[in-house]
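Residues per chain are reported as follows:
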Amino acid sequence: MKQEAILMEPEKAPKKEAKTTKKESKQKDITVADLPGVGPATAEKLMLAGFDTVMAVAVATPGELVEASGVSESVSRKMIHAAREALDMGFFSGDELMAKRDKVIKITTGVDSFNELMGGGFETGAITEAFGEFGSGKTQVGHLLAVRVLKQCPEGSVVYIDTENTFRPERIAQFAKGADVDPQEILKRIKVARAYNSDHQMLLAEKVTDLINNQGLDVKLVIVDSLTAHFRAEFIGRGTLAERQQKLNKHMHVLSKLADMHNLAIFVTNQVSADPAQFFGDPTKPIGGNIVAHASTFRIYLRKGKKGCRVAKLIDSPNLPDNECAFFVREEKFEEFKG
Ligand code: GTP
Ligand code: MG
């Protein structure tokens with residue numbers, strides 16, 4: 001019964017989502033309904049399937065649109081083409097990109113080897129995914145980063161999308177003390193939202209744009225902890241892996257766009273599942289597969305190490321060597337492991 005009550009509420013989410021999107025897309029003067037071949041009924045079907053922005057259509061495959069809306073493949077192709085045209089998905093010159101890179105903020109951890117591992121710190125304009133088993137420290141890293149970025153950016157804000165009810169203001173207060181900043185002041189600048197299911201989680205990620213554009217918050221970091229727990233719980237054993245991956249893809253896309261457009265850092269946590277196919281080495285792999293892997297700019301694998309330390313290993317970074325570092329999660333800070 002209780003379960004049902006929880007699931008009921010966000011049923012409304014897709015409708016709300018569609019509304020916001022329309023408002024948002026108005027700025028670009030084109031909505032999904034304006035694309036060629038999209039009548040009201042098709043628009044509705046696309047919206048319900050999650051293709052509710054021109055961007056979502058632009059990055060879809062024809063097959064996905066066929067499945068979602070029942071239009072023919074050639075119409076799907078036309079829709080995608082028109083969406084891409086409308087969005088001005090153009091090229092940037094190298095120097096423009098360099099100028100963009102100059103604006104990147106690197107959120108430090110207070111642990112030299114951890115900063116070094118991340119090329120100076122956790123970058124804005126990028127998604128960093130931390131995966132690892134329970135208790136490996138993913139949530140702790142999220143809390144620490146929230147405090148550290150707010151110390152670095154005195155006008156900044158943090159958004160924490162909490163899917164597992166593991167956000168702890170007390171923990172923030174402790175890390176704030178450790179970073180020599182006022183816990184109350186820091187807590188005021190962290191906006192926490194509890195996500196009750198995957199739709200709700202996706203909606204909250206889209207709402208971050210509202211916080212920035214309409215409420216004037218200078219969001220520097222968005223944390224999604226955990227990125228995959230709801231998706232994993234909702235889509236298990238239902239033969240709907242494709243649907244799950246499609247939704248996850250869309251969610252990652254929203255996050256990636258946020259990071260890019262507003263030069264903010266995204267930190268997402270991800271569980272691991274036992275992979276029976278792997279007989280050698282570490283028999284765990286992150287949930288979400290390639291979708292999450294490809295959308296993440298940096299991926300760190302967290303695990304428990306010697307003497308209770310935590311080991312962070314950088315995997316698949318675009319410009320940094322794969323490496324690892326070790327640290328302790330202490331009451332008020334992280335501390336270098338000098339083993
Ligand atoms: P799941 O969310 O269960 O997948 O785990 P996680 O990777 O998010 O683990 P989390 O970040 O919650 O790490 C838990 C570990 O952090 C604990 O086992 C402790 O070692 C450490 N920790 C958590 N809270 C405190 C605290 O208040 N003080 C200290 N010293 N360590 C803490
Ligand atoms: Mg956690």
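Structure's up top.
We now turn to the structure provided with this report. Note that the coordinates shown come from a computational prediction; the quantities given were computed from them, not determined experimentally. (Residues numbered from 1 in each chain as written. Chains lettered and ligands numbered in written order. Predicted model: local features only at pLDDT ≥ 70, side-chain atom pairs only at ≥ 80, totals over all residues. Heavy atoms only, no water.)

**Regarding the overall build of the chain**
Then, number 1: Check the secondary structure of the chain and you find 15 helices and 13 strands.
Then, number 2: In the chain, which comprises 339 residues, the proportion classed as buried is 49%.
Then, number 3: The long-range fraction of contacts in the chain, counting pairs at least 24 apart against all pairs at least 6 apart in sequence, stands at 66%.
Then, number 4: A total accessible area of about 17,200 Å² is found for the chain, and carbon and sulfur atoms account for 53% of it. (Helix = DSSP H or I, 4+ residues; strand = E, 2+ residues; numbered from the N terminus. Buried < 20%, exposed > 50% of the residue type's maximum accessible area, 1.4 Å probe, protein only. Contact = heavy atoms within 4.5 Å. Areas by Shrake-Rupley, 256 points an atom, 1.4 Å probe, with all protein chains shown as cover.)

**Re the side chain of Gln271**
Then, number 1: The topology assignment puts Gln271 in the loop between strand S7 (265–270) and strand S8 (272–274).
Then, number 2: The buried category is assigned to Gln271, whose relative accessible area is 16%.
Then, number 3: A distance of 3.1 Å separates polar atoms of two side chains, one belonging to Gln271 and the other to Glu164.
Then, number 4: Ignoring sequence-local partners within four residues, the contact set of Gln271 consists of Gly132, Glu164, Ser226, Thr228, Ala229, Arg232, Lys285, Pro286 and Ile287. (Polar contact = N/O pair within 3.5 Å; in protein donor to acceptor, adjacent residues only side chain to side chain.)

**Quick notes on the layout of surface pockets**
Then, number 1: By volume, the second largest pocket amounts to about 320 Å³.
Then, number 2: Around the second largest pocket, the lining comprises 17 residues; the ones closest to its centre are Arg101, Val104, Thr124, Gly125 and Asp260.
Then, number 3: Secondary structure elements with two or more residues in the lining of the second largest pocket: helix H7 (94–102) and helix H14 (241–262).
Then, number 4: Among the elements that line the lining of the second largest pocket, the one with the most residues is H14, at four residues.
Then, number 5: Taken together, the residues of the lining of the second largest pocket sort by class into six nonpolar, six polar and five charged. (1 Å grid on protein atoms, 1.4 Å probe; cavity = no way out; pocket = protein on both sides within 12 Å on 5 of 7 lines; lining within 4 Å. Points joined across faces, edges and corners; volume = space filled by probe spheres on them. Nonpolar A, V, L, I, M, F, W, Y, C, P; charged D, E, K, R; others polar.)

**Here we look at unusual backbone geometry**
Then, number 1: Each neighbour pair has its own omega, and for Asp225 with Ser226 the value is 5°, a cis peptide bond.
Then, number 2: Assignment of secondary structure puts Ser226 in the loop between strand S6 (218–225) and helix H13 (229–235).
Then, number 3: Phi is positive for Asn165, which is not a glycine, with a value near 60°.
Then, number 4: Looking at the secondary structure, you find Asn165 in the loop between strand S4 (156–162) and helix H10 (169–178).
Then, number 5: A positive phi is found at Asn263, a non-glycine position, where the angle reads about 45°.

**With respect to the nonpolar core**
Then, number 1: Ranked by size, the top nonpolar core spans 38 residues in total, and within it Phe114, Phe122, Ile190 and Leu221 carry the most contacts.
Then, number 2: Counting residues per element, this core draws most heavily on helix H9 (residues 138–152), at seven residues.
Then, number 3: If we skip the residues at most four places from it in the chain, Ile190 touches Ala146, Leu150, Val158, Tyr160, Phe167 and Ile172.
Then, number 4: Ile161, Ala205, Leu211 and Leu258 belong to the second-largest nonpolar core, a separate cluster that totals 27 residues. (Core = buried A, V, L, I, M, F, W, Y, C linked by side-chain atoms within 4.5 Å.)

**Observations concerning the sheet that holds strand S13 (residues 334–336)**
Then, number 1: If you trace the nine strands from one edge of the open sheet to the other, you get S5-S4-S6-S7-S3-S10-S11-S12-S13, paired in mixed fashion. On the outer flanks of this sheet lie strand S5 (190–194) and S13, each paired with one strand and no other. The sheet shows a mean angle of 25° between the axes of neighbouring strands, taken without regard to direction.
Then, number 2: Examined bridge by bridge, S6 and S7 share four bridges and lie parallel to one another. Bridging from a neighbouring strand, Ile223 pairs with Phe267 of S7.
Then, number 3: Seen against the sheet, H14 touches strand S3 (127–132), S6 and S7 and runs at an angle of roughly 150° to S7. (Pairing = 2+ DSSP bridges. Axes fitted to C-alpha atoms, helices over the stretch in contact; angles between N-to-C directions.)

**Describing the site of ligand 1**
Then, number 1: Near ligand 1, the surroundings consist of 15 residues, among which Gly135, Gly137, Lys138, Thr139 and Gln140 are the closest.
Then, number 2: Within the backbone of Gly135, a nitrogen or oxygen atom sits 2.8 Å from an oxygen atom of ligand 1.
Then, number 3: Burial of ligand 1 by the protein amounts to 66% of the accessible area it has alone, namely 660 Å².
Then, number 4: Of all elements in the fold, only H9 and H10 reach the threshold of two or more residues within the shell around ligand 1. (Near = heavy atom within 4 Å.)

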